[in-house]
Structure formats: structure tokens, C-alpha cells
Amino acid sequence: MLDLISNEGVTVEAQRLEDSPLAVRGLTVSYGQKPAVFSVDMTVQPGAMTAIIGPNGAGKSTLLKAALGIVSPLSGQVIVFGQPLDKQRARIAYVPQRASVDWDFPTRVIDVILMGLSRELGLLGRVRARHKACAMDCLNRVGMRDFADRQIGQLSGGQQQRVFLARALAQGADLYLLDEPFAGVDAATEKAIIAVLKSLKDAGKTVVVVHHDLATVTDYFDHVFLINTRKVAEGPVSEAFTAETLQSAYGGRLATAQIDQISRALG
Amino acid sequence: MSGEEFVPLSLTPLLIGTFAAIACALPGNFLVLRKQALIGDAISHVVLPGIVVAFLLTGAISTWPMMLGAAGAAIVAVVLIEAIRRLGQIEPGAAMGVVFTTMFAAGVLLLEQTDTSTVHLDVEHALYGNLESLIWLDATGWGSLLDVEALAGLPPELSRIALTLVGVSVFTWLFWRPLKISTFDEGFARTIGIRTGALGMALVITAAIAAVAAFDAVGSIIVIAMFICPPAAARMLTNRLEAQIAWSIVFATASAVSGYVLAGYGPLWLGGSDAVSAAGMIATMSGLILAAAAMFGPCRARIGAHTSA
Amino acid sequence: MIWDALTLQLGYNATLVAIGATLLGVSAGVTGTFLFLRKRALVSDAISHATLPGVCLAFMVLVALGGDGRNLLGLLAGSAISAWVGLLCMNWLTRRTRLAEDAAIGAILSVFFGFGIVLLTIIQTMGVGRQAGLEGFLLGSTAGMLWADAMIIAIGGAATLLLVLILRRPMTLVAFDPEYAAARGLPIHRIDLAMMGLVMAVTVVGLKIVGLILIVALLIIPAVTARFWSERSEHVVLLAGLAGGLAGYIGAAISASAPNLPTGPIIVLVSFAFFVLSLFCAPKRGVLAAVLRHLRFQRRVHIRQGLLALAQGQKIYEPLTLRLLRRAGLVRPDGVATDTGKARAGKALRDEKRWEIVRGDQAHEATAALYDGMRDIETVMTHDQIAEIDRQIGGPQGVPA
């Protein structure tokens, strides 16, 4: 299996496919006649926080959705903890972009968190005190304890995002995938979310985030995956997040000044 | 009113109407929340061709083949709608419009081509049923409820719709959690391994079975009204799904009972001599309840935070 | 027989019906297109069902006034009023409450229709004996069509078409991009209402021929059919009018050619036949074309991915990729590349390198945005440009460009 490792772009740490929480091989996803993601290989490092970055329309969210089986690829394979996706679903938690939810749905915040426990509850299991306590604990971790009885549509954008993070926490997964969790949220929410993600990492979990703010990459993450339809670079931030890789991911779209700034910040 | 009059003449139609209303309202809650309310409309239109085809195949008016035919037509319609929507990349409303009108037209044509003069099968009956005729002739009063011989004479529609109600309730209870999750957030449902496509199809089939059983007794007007009006009215009273379902059952029952009573006795109170269509009246009452909920319900308005990322 | 019918030689009534149905088909097709483009096709279902109480009330009023309850003009006026009330109720529900449009449509259509049925049973017990015919509005009845009826349909249809002609620009704009239309200062709400008003007019006009349940088909099916054949809204409108008119004409002719062929359902079925034909055979949006396109595209993706893997010495795991490469003569059955395969693989890899240069170069920003892994670089750059890029890459130049 070792020969699967891509030899283009920045070198990745050699590792076995079975050890990666999420590995993608030769993935091509196309909406209509234009591939959004073309022949991408990705190997997520266990226990790390990885940012998927790239310009708008570069296929970041599509890559995540294909990895989760939400959109079906034209070709390629997804391997989760060394097995096909369907066998390991219980170990993945996903925080979608907020747009995918019916905000008018008649449900309270606490009910949304309990949805995260549905695998444990099964079809007919009753919601018991310990489930409620677990849900409240998850809400507490994102600082939303006081909102448990609110209708979901009554929350602000940032609060909604925290609720969905809490739902993912309730799933008790080993791999967390988040799609632009910081887009359009207030600073307090961003801080709260990143604190939770770091605590997950400290607990040995793997976190993958579709991210759009280049300025915070070095602060938040230890691995990056640069994509622009094809993979551009993959590896530790210090190796893969450089002026050159950014230039080739963003092309002319990223002002030179900005790249200079980032490369100065990188030292 | 005395038991001697009420039990034989009104008890069974009331029960049938109420059971039919609840059996439709239960899946209706999810259809309305999933913005698929008009699937009920489509199903109730295609029941006609299903029944006619069943009649052509069996050559007789017998209930089970007809219910099978209707259910089959409903499934064909749903599959066709989905196929046309995907294959032709047409918005669901238009795809529905193409399918159910065509199938309805085919049903009318078949009916015209068939000699149905000897049997009771016509479009009007299909549209608004004949709830008033489902009486219990063997009953003599409340005591008949304990009389085995009299019970055997209950209209068969009653047991069918009761069975359907039980089936629909079991489905809702059994799949409560996946239904709720996939209606609220389909993407999430898929990531935790819920087969959303199959579940959606199961919901539609359940709705179709409820529609067919209700249609058998009360015609298709009630079917559409009960799929939509009680759940829609209930949504404006509460922000919790559990409470919404409970309210929708209350409203369905209230529409059925008040509609039936008004249809039977309203004209008498107004000095008329003949009853009006109970099915039509039940639909009308459900509309009035919806109007009241839309004007005064505490949760009637949309709420602000519709952010889009 | 059919031929006689198509050439209008089956007598007075058949000719009247054929002309009426054609006009109705044209105006329904044209009007329905705007509804369809606005993604509100099924609003027509609510409008048509909401005509029933009006028809019944009008009948009752006419009889109460001592007139003939079957006066078509009176009945149509009544149906228009109740359809309008239904439309306003539906708008109110969607604008003022949290109800989505589909639920509002369903609620209005079932409640109004149910109330209409109540009125119908009242009429049946009024003992006027002249109620026969009102049921005809459910499914249409062309048997006893009078010259005056045909004139009403003809004038109504023509007036509707004229109004559509006048309102076509604002209606197209609102259907295509309501936000832009609002920014331009167009009164969206009123244009929408005008659109619905036209749909209502068509519905009312069509009650006599096809009935209130099937008029929905004439509004929706031709528009959906026409959409397969053109990407331009004006053409879609014209084609929908053509499809609707043809369906009306052929349908009426078939219906006149034999007994027990009711006009309304036959027109709908003819219309549906056009739809199915278009769904499968339309050149760009048709299913056959789309399937072929998808298969061809998938093949290209797999072959290209396979070539890149070959060029980089990676093992190919996907059976489909291997099969396609073998069939194209690019690899041998044992999975080793043939000479052609090697050449093509080298070219594919070189093209990727070229693209890499292009995408890293600000000067080529617009070109770089076209990259999707599949586009041949020769289609976006000149030979000179490619030669310049190759100089930057260096290495062997023997690869065929």
C-alpha cells in the first residue's frame, strides 16, 4: 500500500493507509461537465488539526462532502480508519455549513443535540436522564447551556454554529469534519469553537476543517491541505503552507502583498 | 339525540371520518415540513386511474384489488415524478403537475371507455366519496357495541381505516427519530448512516396507503385537506414537533366531527331539509381551523435568523 | 376518420371544439410558461380548484334572480371571482405566515374545492332540475358546445394572449431574477399577481372544454416540454404556445373521431406524448443526450486519471479505469502501458506541469481559472505560449504537443 503515496507536491509523512483516520484516493467529483475536485489524494494525519484551504470554488466543501458520502464521486475511493466509509460512520462527526438545515423546523436546541445521540438511542430507545445530562454537557462545552429550550431558528448565526458543534460532540466521534465553521460568526464564537477543537485534539481526536481565513492558519492548525481542483500541497503547516504553495493554489487571485505578509508571518 | 338513532346512523361515519383524518394528518406533518405537501395532492389524483385499472383487470367492484390498484398507481406516480424531476432537471412542482394530471386524464379516459353503467364507479364518487352512506344498519343502540352479531354488520370501511390508522401510527412511532432527523437536516442524517432516500420513499408510500384507505371511505378531497390543513394549523401553535403532531391530531378530529355534524344537521338548523356533502364540509372546517391558526396562532410568523453561509 | 377530424370535416360542433381547443392550448401554453419559469407551476392547481365555489355560487345567484343557471358568462364570472379570492388567500398565507407555498397551495385547493362540493350538494337538493352540467366543469364537457360558448372562449383566449404579449418583458424579468427586478424598481408583487391573474383567465376560459382538474395540465405540460428545446425564454414561450396549440388541435380531432373519447383527457394525453418525446429526444437537455454525454465524460475522466497514474508509475486500482485504458489500447491486459499509452501518459503529465506553471503565474489568471483537470491546454493557449511554458519547465522536448 505504501506505493500509493503521491510523489507530487510537497512530500507527506510516509504512512500506511490503515493508520489514517481519513484517506482519499483518486477522487474526482463533478457537477455536470466540470470537475470540482479532480483526481485528489488526501491522507489525514491522526490526532492532528488539519485545515483544508484553497480559493473560492476550489472544491474544498465538495472534497469534504464526497469524503462523507453526501455527494457521490465520479471515481475514486474513500477509506475511513482503514475501512470503507459505511463501516466506520459511527466514528465520524460532521458539522455542515449552516445553509443545509431547515431553520423553520419545530425543534429546540436540546433536541438538536440529542440527534447526535441517535446512534446510541437506536430507533426506539427512550431519552433518559443521562442522555439529557450528556447533551447539556455538550452545550456547556460550547457555552450554550442557557439556550437549551430555544427554538433553533431563534438563534444568531454564531449560536447556531455552536449548537451544531455541540451536536457533533454528542456523537462522541474520533474524527471531526467541519465545513467553514468560522464563516460569518462573531469573534466570541470563533474563540469558543477553536477552544473546543483544541480540546478535542488534546484528547487524541482528529479534526479536519474547511477554512478560508489564511491569516489564522498558523495559529489554529498544525497540518494543511491546499486544494485548487487538484491537490496543491499537503503536510505540516511549516512545510506545506508556504509562499510557493499558496501562489500555486491561489495563482493570481491572491495579491502578492498578502502572500508576502503571510510568508513574513511564517518567518 | 338518542342512542337508537345515533349509533346506527352517525357513529360509524363519524369514526370513519375521524380515523381517516388522523391517518392522513400523521404523515402529513412530515410532508408539510419537507415541503412535499403536494405529494398528497398528486397521490389523491392518481388514485382514480389505479382504481379503474384494477376494475378493468378484475371486472368487478371489489375492495382489495381496487385498493391495491390505487396504491400501485400512487407508487407509480411517485416514481415517475422522481424520475422526471431527475432526468429532465425539472423543479418538483412542475414534475408533479405533469405526472398527476396525465395519470388523472388517463383514468378518466379509461373510465369513459369502460362500461361501468352497471357498477357504482364514477369521478364524482372518487372526488368526494360517500361518508354518509357508511351506516351500521344492524345496530339498535349503544348496546349493539357489545353485540357480536351486530358488530359483524359494521361497514367494512371502518375496520380497514382503523387498521390503516394503526399501521400509520406504528410507522410514525417506529421511525420517529430518523424521520425527524432527516426532515430537519438531510445532510447530517446521511452522515450518521440514515438511508434518507429509502426513508423518504417509505414516508410517501405510507402517505399513499393512508390516502387510498381514506379515499375508499371518504373521497379524495378529505385526503388532500387532511394531509395539509391540520399539520399546517398545528405548526402555527407550537415550536416543538411532538406538540405539533399532537395538535394536528386534535385538529383532524375536530374537523372530522364538526364537519360531519354540520353537514348532517347544519342545513336542518337553517331550515333546509337535506344534508350536504360531509366530505366537503370536513375539508371546509379544516380550512376554517387553519385560517384561525394563521390569524391567531402564537407561532404563526416566520422567525428572523435565516442566515445563509 | 382521423384525417376528416384533422381537416375539420366532422361537422359544426367538432369544428367549434377544435378551434376552441387550439386557441385554449396556445394561450394556456404561453401563460403557463411564465408560471413554470417562476417555479410556481402548481399555483395553477390551487387557482383551478378554487373556481368551483364561484361556479356554484354564480349558479345559485342566477337561479335566485330567475335566470338560466347555465349562462356560461355568468358562471365564468363567478369562477373568476372565487379563484381570485383563493389566490389572495394563498398569497396571504405565504407572505404573512410561516407556511411554505406548497402547503398554502394544497390548503387552498382542498378547502375551496371542498366548499365547492358542499355548494354542489346544496344545488342538487335545490330542486331546480337544471343543475345538470355543473359537474361538467370538473372534467369539461364539449358535447353541447354552442357558438356563443366558442366565442367566449375565443375572445377570452385572444385577450389573454394580448395581455401576455404586453406584460412579457416584466414577467420574464421577474421569473428569471426577482431580486434584480426589485432592484430595478419593478413592483414584483403586482407583476406576480398579474401573472396569476392571467393564469386565472386561462383557467376560467378552459373550464368548459377541459374542466378544472385538467386545465392544470395544459398550463404546465407544454411549458415543461418547450423548456427541453431552448435556453432562451422567448423561444420557450413560443414553443410552449405551439406545443399547447398542437395538442389542443390534435386532441380535439382525435376526440371527435370516435365515441367515448372525452376531449379534455385526450388533449392532456397528446400533450404528454409531446412531453415524453422531448424528455428523451431533445438535443441538449434530453435524457438520451445527457446519458451519452455523461458516459463520454466519465470515460474521459477515467482515462485521464489512468494516464496520469501511468506516467507517475502508480498502480491503478479502479477496475473501470483499467478496462477503459485496455479498450483504448493504452495498456496491455497485464496492466503495462503500451507504446501509445506511454506517449499519451507522458503528454498528460507534461500538460499537468504546463498547467501548474500557468496557474502559478499571475499573468495567466483568467486562463488558470479554466482549469478543471480535464481541459486540454491547447484549447486555451497558443502554440507560442505553450512553447514558452515548455522552456520554463525544461527537460525533454520530444513530447508531441
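Computed from a prediction, not measured in an experiment: that's the story for all the values here.

Before going further, it helps to examine the overall build of chain C. Along chain C, the regular secondary structure elements total 17 helices and zero strands. Relative to the globule expectation of 21 Å for 401 residues, the C-alpha radius of gyration of chain C, 30 Å, shows a markedly less compact shape. Seen through its principal axes, chain C has C-alpha atoms that stretch 100 × 55 × 35 Å. Across the 401 residues of chain C, 49% fall into the buried class. Within chain C, counting contacts between residues at least 6 apart in sequence, those at least 24 apart form 70% of the total.

Helices and strands together make up the secondary structure of chain B, namely 13 helices and zero strands. Scanning chain B from its N terminus toward the C terminus, one meets helices and strands in the order α-α-α-α-α-α-α-α-α-α-α-α-α. The C-alpha atoms of chain B give a radius of gyration of 20 Å, which matches the 19 Å a tight globule of 309 residues would have. With the principal axes as the frame, chain B shows a C-alpha extent of 65 × 50 × 40 Å. Buried positions account for 56% of the 309 residues belonging to chain B. Within chain B, counting contacts between residues at least 6 apart in sequence, those at least 24 apart form 74% of the total.

Further remarks concern the interface of chain B and chain A. Taken residue by residue, the interface counts 26 residues in chain B and 34 residues in chain A. The set of elements that each furnish at least two residues to the side of chain B that touches chain A consists of α8 (176-184), α9 (186-191) and α12 (241-269) of chain B. Partitioning the side of chain B that touches chain A into residue classes produces ten nonpolar, ten polar and six charged.

In this section: the environment of L37 of chain C. Residues and elements named next belong to chain C. Along the chain, L37 turns up in helix α2 (residues 12-37). Here L37 falls in the buried class, since 23 other C-beta atoms lie within 10 Å of it. Each C-alpha atom of the pair L37 and G114 lies 30 Å from the other, and the pair is 77 residues apart in sequence.

For chain C, the assigned domains are domain 1 (2-216) and domain 2 (288-393). The C-alpha centroid of domain 2 of chain C is placed 57 Å from the C-alpha centroid of domain 1 of chain C.

Moving on: the confidence of the model for chain C. All names here are of chain C. In this model, chain C carries a mean pLDDT of 86, and residues with pLDDT of at least 70 account for 95%. Within chain C, helix α12 (residues 263-281) carries the highest mean pLDDT (94), whereas helix α1 (residues 2-6) carries the lowest (70). When the criterion is pLDDT under 50, residues 397-401 qualifies, and its contacts beyond four places in sequence or with other chains add up to seven contacts. The ipTM assigned to the predicted complex is 0.90, against a pTM of 0.84.

The subject of this paragraph is the interface of chain C and chain B. Between chain C and chain B, the residue contacts involve 48 residues of the former and 52 residues of the latter. The class makeup of the residues in the side of chain C that touches chain B is 35 nonpolar, eight polar and five charged.

On to the pairing of strand β2 (residues 34-43) of chain A. Residues and elements named next belong to chain A. Here β2 lies mainly inside the structure; nine of its ten residues are buried. Note that strand β1 (residues 22-31) and β2 share six bridges and pair antiparallel. Bridging from a neighbouring strand, L27 pairs with V40 of β2. Connecting β1 to the antiparallel partner β2 that follows it, the hairpin turn spans two residues, and G32 within it adopts a positive phi of roughly 70 degrees.

This paragraph deals with the environment of A223 of chain C. All names here are of chain C. Mapped onto the elements of the fold, A223 is located in helix α10 (residues 188-227). Separated by 140 residues in sequence, A223 and A363 place their C-alpha atoms 46 Å apart. Contacts of A223, omitting those with residues within four sequence positions, involve G29, G32, T33, F36 and A240.

Once that is clear, we can look at unusual backbone geometry. Negative phi values dominate among residues other than glycine, just as trans dominates among peptide bonds. Residues and elements named next belong to chain A. Even without being glycine, F81 reaches a positive phi, approximately 50 degrees. Note on placement: F81 falls in the loop between β4 (75-80) and β5 (83-84). F81 gets classed as partly exposed once you count the C-beta atoms within 10 Å, which come to 19. Non-glycine residue T229 carries a positive phi angle of around 65 degrees. Mapped onto the elements, T229 comes out in the loop between β9 (223-228) and β10 (230-236). Assessed through the 25 C-beta atoms surrounding it within 10 Å, T229 is described here as buried.

Turning our eyes to something else, we now look at the sheet that holds β5 of chain A. An order of β2-β1-β4-β5 (chain A) is seen for the four strands of this open sheet, with the pairing classed as antiparallel. Each edge of the open sheet carries a strand with a single partner, namely β2 and β5 of chain A.

Turning our eyes to something else, we now look at the nonpolar core. Counting 302 residues, the largest nonpolar core has A23, A74, A211, A214 and I222 of chain B as the members making the most contacts within it. Among the elements that make up this core, the one with the highest residue count is α10 of chain C (26 residues). In contact with A214 of chain B, not counting residues within four places along its chain, are A20, A23, C24, I161, I222 and V223 of chain B. By size, the runner-up hydrophobic cluster in this structure holds eleven residues, among which are L307, L330, A337 and A348 of chain C.

The geometry of helix α2 (residues 37-58) of chain B relative to helix α6 (residues 101-124) of chain C is characterised by a closest axis approach of 7 Å and an angle of 40 degrees between their N-to-C directions. As judged from the angle between their axes, α2 of chain B and α6 of chain C are oblique. Within the contact between the two elements, α2 of chain B uses A37, L38, G40 and D41 of chain B and α6 of chain C uses D102, A103, I105, G106 and L109 of chain C. Classifying every residue of the contact of α2 of chain B with α6 of chain C gives five nonpolar, two polar and two charged.

Time to look at the sheet that holds strand β7 (residues 175-179) of chain A. All names here are of chain A. Read from one edge to the other, the open sheet built from six strands follows the order β6-β7-β8-β3-β9-β10, with strand pairing classed as mixed. The open sheet has two edge strands, β6 (92-95) and β10, and neither has a second partner. Pairs of neighbouring strands in the sheet enclose a mean axial angle of 15 degrees, with direction left out of account. Sheet topology note: the β6/β7 ladder contains four bridges and is parallel. From the neighbouring strand, Y94 faces β7, where its bridge partner is L177.

Attention shifts here to α12 of chain C. Structural remark: α-helix, 3.6 residues per turn; residues separated by three or four positions point the same way. The end-to-end C-alpha separation of α12 of chain C is 27 Å, in line with the 27 Å expected for 19 residues at 1.5 Å each. Extensive coverage of α12 of chain C is indicated by the burial of 14 of its 19 residues.

This next bit is on the pairing of strand β3 (residues 49-53) of chain A. Residues and elements named next belong to chain A. With respect to burial, β3 is a largely interior element, five of its five residues being buried. Judged by which residues are buried, β3 turns out to be covered on both faces: M49, A51 and I53 on one side and T50 and I52 on the other are all buried. Note: β3 against strand β8 (residues 206-210), four bridges, orientation parallel. Across the sheet, residue T50 finds its bridge partner in β8, namely V208. Pairing analysis gives four bridges linking β3 to β9, with the strands arranged parallel.

Right, let's talk about the confidence of the model for chain B for a bit. All names here are of chain B. Mean pLDDT over chain B works out to 86, with 92% of the residues at or above the 70 mark. Least confident of the elements in chain B is helix α5 (residues 123-128), whose mean pLDDT is 67; most confident is helix α13 (residues 278-296), at 94. Counted against residues more than four places away or in other chains, residues 304-309, with its pLDDT under 50, gives 17 contacts.

All names here are of chain B. With respect to the helices and strands, the residue P230 is situated in helix α11 (residues 220-235). For the pair P230 and A292, spaced 62 residues apart in sequence, the C-alpha to C-alpha distance is 12 Å. Once you skip the residues sitting within four places of it in the chain, P230 turns out to touch A25, G28, S248, F251, A252, S255 and S286.

Conventions used here
Residues numbered from 1 in each chain as written. Chains lettered and ligands numbered in written order. Predicted model: local features only at pLDDT ≥ 70, side-chain atom pairs only at ≥ 80, totals over all residues. Helix = DSSP H or I, 4+ residues; strand = E, 2+ residues; numbered from the N terminus. Rg over C-alpha atoms; globule rule 2.2 N^0.38 Å. Buried ≥ 20, exposed ≤ 12 C-beta atoms within 10 Å, placed from the backbone. Contact = placed C-beta atoms within 7 Å. Nonpolar A, V, L, I, M, F, W, Y, C, P; charged D, E, K, R; others polar. Domains from an automatic or database assignment. pLDDT = per-residue confidence, 0-100. Pairing = 2+ DSSP bridges. Core = buried A, V, L, I, M, F, W, Y, C linked by C-beta atoms within 7 Å. Axes fitted to C-alpha atoms, helices over the stretch in contact; angles between N-to-C directions. Parallel < 35°, antiparallel > 145°, perpendicular 65-115°, else oblique. Expected span 1.5 Å × (residues − 1).

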